[in-house]
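Examination of the molecular architecture
As a plain string of letters, each chain reads:
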Amino acid sequence: MTDERVPRSFFRRNALSLVAFTLLALSLVGHALTGHRFSDERRAEHGQPPQAISEYLRSGDYLSTLLENWESEFLQMGLFVLLTVKLRQRGSAESRPFSKAQEEKKKEEFPEASKPWPVRHGGMVLALYRHSLSIALLGLFAVTFVGHFCSSWRQHVDEQLLHGEPPSPLREYFFNAEFWYQSFQNWQSEFLAVLALVLLSIWLREDNSPQSKQCDAPHSHTGH
């Protein structure tokens, strides 16, 4: 096991998550501001007064567009984690090696005291811990799917009321084409992103990225 020195700087130790969080926060603000403006434009077309941004952020309109994207991200990551357990793609940096010998070479041995508590505890706790990443991601997908469904229904009802139509019951909205259109258009884009990364990493490189193979690795080499 190689000895890795941890930087003293808080930013250097957590730079990846901090920058990702900053980009997420900026995009959420942009989403809220532009969505609020677009919503007010639509309300004006129907002779309705503008909404306060605090009211818009609680509306089905905003929450539906937010959660449908989060839902597709968690579905993408959860399935990708599960599929890469058993399935392989020759030459891809996103695939585990075909040879068990290659995988064993990459495994490090850690001191017993440094292992996570579930590993040291064993039993059912360890069994759950061994699959905790996919459980968490697919659990988040389920939560955001339900949230997307409910907020999308609220948005649909608001639009029906604007047009003087009776609101649809929640149970009927599950078979609404608009809801599934929103879901499938996001799901297909996420699966396209996975496919592109899996295939492009066969031939293309990004030096020092953990998502890429070494620059001098042959195209047939599988894994990072």
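Parameters and conventions
In this convention, every chain numbers its residues from 1, walking through the sequence in written order. A pLDDT threshold of at least 70 governs which residues receive local features in this predicted model, and a stricter bar of 80 or more applies before side-chain atom pairs are shown or counted, although totals over entire chains, interfaces and linings include all residues. Just so you know, side-chain values use all the structure's heavy atoms and leave hydrogens and water out. Under the scheme used here, helices are H or I runs from DSSP no shorter than 4 residues and strands are E runs no shorter than 2 residues, and both carry numbers assigned from the N terminus. We compute the radius of gyration over the C-alpha atoms and compare it with the globule rule, which gives 2.2 Å times the number of residues raised to the power 0.38. In what follows, a contact means two residues having at least one pair of non-hydrogen atoms within 4.5 Å. Note on areas: these come from Shrake-Rupley sampling with a 1.4 Å probe, and a residue is covered only by the protein chains present in the view. In summary, the charge assignment counts Lys and Arg as positive and Asp and Glu as negative, without counting His or the chain termini. One atom stands in for each charge, and that atom is NZ of Lys, CZ of Arg, CG of Asp or CD of Glu. The patches reported here contain residues having more than 30% relative accessible area and no salt bridge. Joining distances are 9 Å for like charges and 5 Å for nonpolar side chains (Val, Leu, Ile, Met, Phe, Trp, Tyr). Here, a salt bridge means any Lys or Arg side-chain nitrogen found within 4 Å of an Asp or Glu carboxyl oxygen. Between buried and exposed lies partly exposed: a residue is buried under 20% and exposed over 50% of the maximum accessible area for its type, with that area taken using a 1.4 Å probe on protein chains only.

**Some points on the overall build of the chain**
Helices and strands together make up the secondary structure of the chain, namely 9 helices and 0 strands. Going from the N terminus to the C terminus, the chain shows its helices and strands as α-α-α-α-α-α-α-α-α. On C-alpha atoms alone, the chain measures out to a radius of gyration of 23 Å, which is more than a quarter above the 17 Å that the 2.2 N^0.38 rule sets for 224 residues. Considering only C-alpha atoms, the chain reaches an extent of 65 × 40 × 40 Å along its principal axes. By sequence separation, contacts in the chain at least 24 residues apart represent 58% of the contacts at least 6 residues apart. When the accessible area of the chain is evaluated, it comes to approximately 15,600 Å², of which 64% is carbon and sulfur surface. With 23 positive and 25 negative side-chain charges, the chain shows a separation of 12 Å between the mean positions of the two kinds.

**Thoughts on a nonpolar patch on the surface**
A grouping of L195, L199, L200, W203 and L204 is seen on the molecular surface, where their side chains present a nonpolar patch of about 500 Å² in accessible area. Secondary-structure assignment places L200 in helix α9 (residues 177-203). For L200, a relative accessible area of 46% corresponds to the partly exposed category.

Structural measurements only, silent on function.
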